[in-house]
Amino acid sequence: MINYRRETDSVTITERVKTYVDVSLSFKPSPVTNDITLLTNENAINNSLKNIIMFLPTEVPFDPEVGSLTQRYLFDIMDEATGGLLASEVERAILFCEPRVSFRPLDERKVSTSELYRNNSPSGVGDLFYQDDLGVYVEVLPDQNAFQVTVKYRIVGGEKVYRFQTILTPTR
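Bear in mind the structure is a predicted one, so any value in this text is a computation, not a measurement.

Peer 1: Is there a simple way to think about the overall build of the protein in this case?
Peer 2: The helix and strand tally for the protein stands at three helices and eight strands. Among the 172 residues that make up the protein, the fraction classed as buried is 36%. When contacts within the protein are restricted to residue pairs at least 6 apart in sequence, those whose partners lie at least 24 apart make up 42%. Taken as a whole, the protein presents about 11,600 Å² of accessible surface, with 53% of it coming from carbon and sulfur.

In structure tokens form, the structure reads like this:
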């Protein structure tokens, strides 16, 4: 949020930084304060993303629309098609349920497909894509009977790109 103050013939622009605070669902007391542990900023959002991905709709009390249908894809055939459907479902759920997350790049310029790859040595999902290539990426791990989900996002109003990663398997 930007505040404008008018002084004598000059304008001072100040920016208030938002801090996001959530309560940890583990309910373990903090060793320092002996109070409930609080999660802030990206830790709070990463915990929220994990919960959105793992919860089914109607599992959250008083808010039946929070959650995703990712569990239905975990028992399908482990292939790229299922991985694409899973990525679409995770992205839909995050955009619908988490207003603090944005997948839009800062400068809104279009990046061509040929610009997406840095080099030909695929050493991992995080190394393959530009920092501004935000979104949900799913890697199929058929030998482990799992999907590795990587979410690259920006906090709304911020510039830094964060990454959340989890592995989804048919059993918890």
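Peer 1: Could you clarify how one ought to interpret helix α1 (residues 41-54) in this entry?
Peer 2: For an α-helix the count is 3.6 residues per turn, leaving residues at separations of three or four pointing the same way. Taking 1.5 Å of rise per residue, 14 residues should cover 20 Å, and α1 covers 20 Å from first to last C-alpha, within 8% of that figure. Among the residues of α1, those classed as buried are A44, I45, N46, N47, S48, L49, N51, I52 and I53. Buried residues belonging to α1 abut β3 (21-23), β4 (38-40), α2 (80-97), β5 (101-102), β7 (146-155) and β8 (161-168).

Peer 1: Where do I start with the confidence of the model for the protein in this structure?
Peer 2: Atomic detail in the predicted coordinates should be set aside for any region of low pLDDT. Within the protein, residue pLDDT values average 81, and 76% of them lie at 70 or more. Contacts for the low-pLDDT stretch residues 110-131, under 50 throughout, to residues beyond four places or in other chains number 25 contacts.

Peer 1: What is the right way to read the pattern of salt bridges from this model?
Peer 2: Between side chains of opposite charge, a pair can form as their charged atoms come close. A complete count under the given rule lists three salt bridges for this structure. When the shortest N-O distance is used, the salt bridge between E98 and R100 registers 2.7 Å. Accessibility expressed as a relative area gives 4% for E98, which makes it buried. For R100, a relative accessible area of 13% gives the class buried. One salt-bridge network, held together by shared partners, links D22, E98 and R100.

Peer 1: I keep staring at the pairing of β7 and nothing clicks. Help me out?
Peer 2: It is a general feature of regular strands that their side chains alternate between the two faces of the sheet. β7 sits mainly inside the fold: ten of its ten residues count as buried. Here β7 shows no split at all, with A146, Q148, T150, K152 and R154 on one side and F147, V149, V151, Y153 and I155 on the other all buried. Bridging between β5 and β7 involves two bridges; their strand directions are antiparallel. Paired with V101 across the two strands is I155, which belongs to β7. In this sheet, β7 lies alongside strand β6 (residues 135-141) in antiparallel orientation, the contact comprising seven bridges. Bridge pairing in β7 places V138 opposite V149. In this structure, the hairpin formed by β6 and β7 is closed by a connection of four residues, where N145 is found at a positive phi of approximately 55°. In terms of strand pairing, β7 meets β8 through eight bridges, oriented antiparallel. Bridge assignment links K152 to a residue of β8, and that residue is R163. What sits between the antiparallel neighbours β7 and β8 is a turn of five residues, in which G157 has the positive phi angle 90°.

Peer 1: Hey, could you run me through a nonpolar patch on the surface in this one?
Peer 2: Taken together, the side chains of V21, V23, L25, F27, I36 and L38 make up a nonpolar region of the molecular surface, amounting to roughly 550 Å² of accessible area. Relative accessible area serves as the criterion here: at 39%, I36 is assigned to the partly exposed category.

Rules used throughout
- Residues numbered from 1 in each chain as written.
- Predicted model: local features only at pLDDT ≥ 70, side-chain atom pairs only at ≥ 80, totals over all residues.
- Heavy atoms only, no water.
- Helix = DSSP H or I, 4+ residues; strand = E, 2+ residues; numbered from the N terminus.
- Buried < 20%, exposed > 50% of the residue type's maximum accessible area, 1.4 Å probe, protein only.
- Contact = heavy atoms within 4.5 Å.
- Areas by Shrake-Rupley, 256 points an atom, 1.4 Å probe, with all protein chains shown as cover.
- Expected span 1.5 Å × (residues − 1).
- pLDDT = per-residue confidence, 0-100.
- Salt bridge = Lys/Arg side-chain N within 4 Å of Asp/Glu carboxyl O.
- Pairing = 2+ DSSP bridges.
- Patch = residues over 30% accessible without salt bridge, like charges linked within 9 Å, V, L, I, M, F, W, Y side chains within 5 Å.

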